[in-house]
Amino acid sequence: MPVASWNGHEIARSDDTVVVEGNHYFPASSIDAALLEDSATHSNCPWKGVASYKTLVVDGKRNVDAVWYYPEPKSAAAEIKDRYAFWKGVVVA
């Protein structure tokens, strides 16, 4: 079962991830929402759509924009709606 962790804390765990371009997208219900802080950052993917980001906050340490998701993915990426992926040192194993 894939587990996402950072700074010694489990961020998400699920046996229902969707892998797209090598990234595990975890269901929103599997994420510890208490560790997430809203971000104003957005980026655009030609086939997935506009991504939004969140910052991880663990034990007072911030990992800015380490979480991304597509609130309204394009139809080609519909399978990742309501799912979150990680980078910037977050380990998924």
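The preceding data block contains the structure.
Note that the structure is a prediction, hence the values are computed from the model and not measured.

Cut-offs used in this document
- Residues numbered from 1 in each chain as written.
- Predicted model: local features only at pLDDT ≥ 70, side-chain atom pairs only at ≥ 80, totals over all residues.
- Heavy atoms only, no water.
- Core = buried A, V, L, I, M, F, W, Y, C linked by side-chain atoms within 4.5 Å.
- Buried < 20%, exposed > 50% of the residue type's maximum accessible area, 1.4 Å probe, protein only.
- Helix = DSSP H or I, 4+ residues; strand = E, 2+ residues; numbered from the N terminus.
- Contact = heavy atoms within 4.5 Å.
- Pairing = 2+ DSSP bridges.

Chemist: Can you help me understand the nonpolar core in this one?
Modeler: Judged by nonpolar contacts, the single largest core of 16 residues is most densely connected at A4, I11, I31, L56, F86 and V90. For this core, the secondary structure elements donating two or more residues are β1 (3-6), β2 (9-13), β6 (49-58), β7 (61-69) and β8 (83-86). The element contributing the most residues to this core is β7, with three residues. One finds Y25, W68, A77 and A85 within the second-largest nonpolar core, a separate group that totals eleven residues.

Chemist: Help me understand the side chain of N63, please; the structure alone is not making it clear to me.
Modeler: Tracing the sequence through the fold places N63 in strand β7. Leaving out residues up to four positions away in the same chain, N63 has contacts with W6, T55, L56, W87, K88 and V90.

Chemist: Just checking my understanding: could you explain the sheet that holds β1 for this structure?
Modeler: Pairing between sheet strands relies on hydrogen bonds along the backbone, with the strands arranged either parallel or antiparallel. Spatially, three strands are ordered β2-β1-β9 in an open sheet, and the strand pairing comes out antiparallel. Either end of the sheet is taken by a strand with one partner, and the two such strands are β2 and β9 (91-92). Across four bridges, β1 lies against β2 in antiparallel orientation. Counted as the bridge partner of A4 is A12 from β2.

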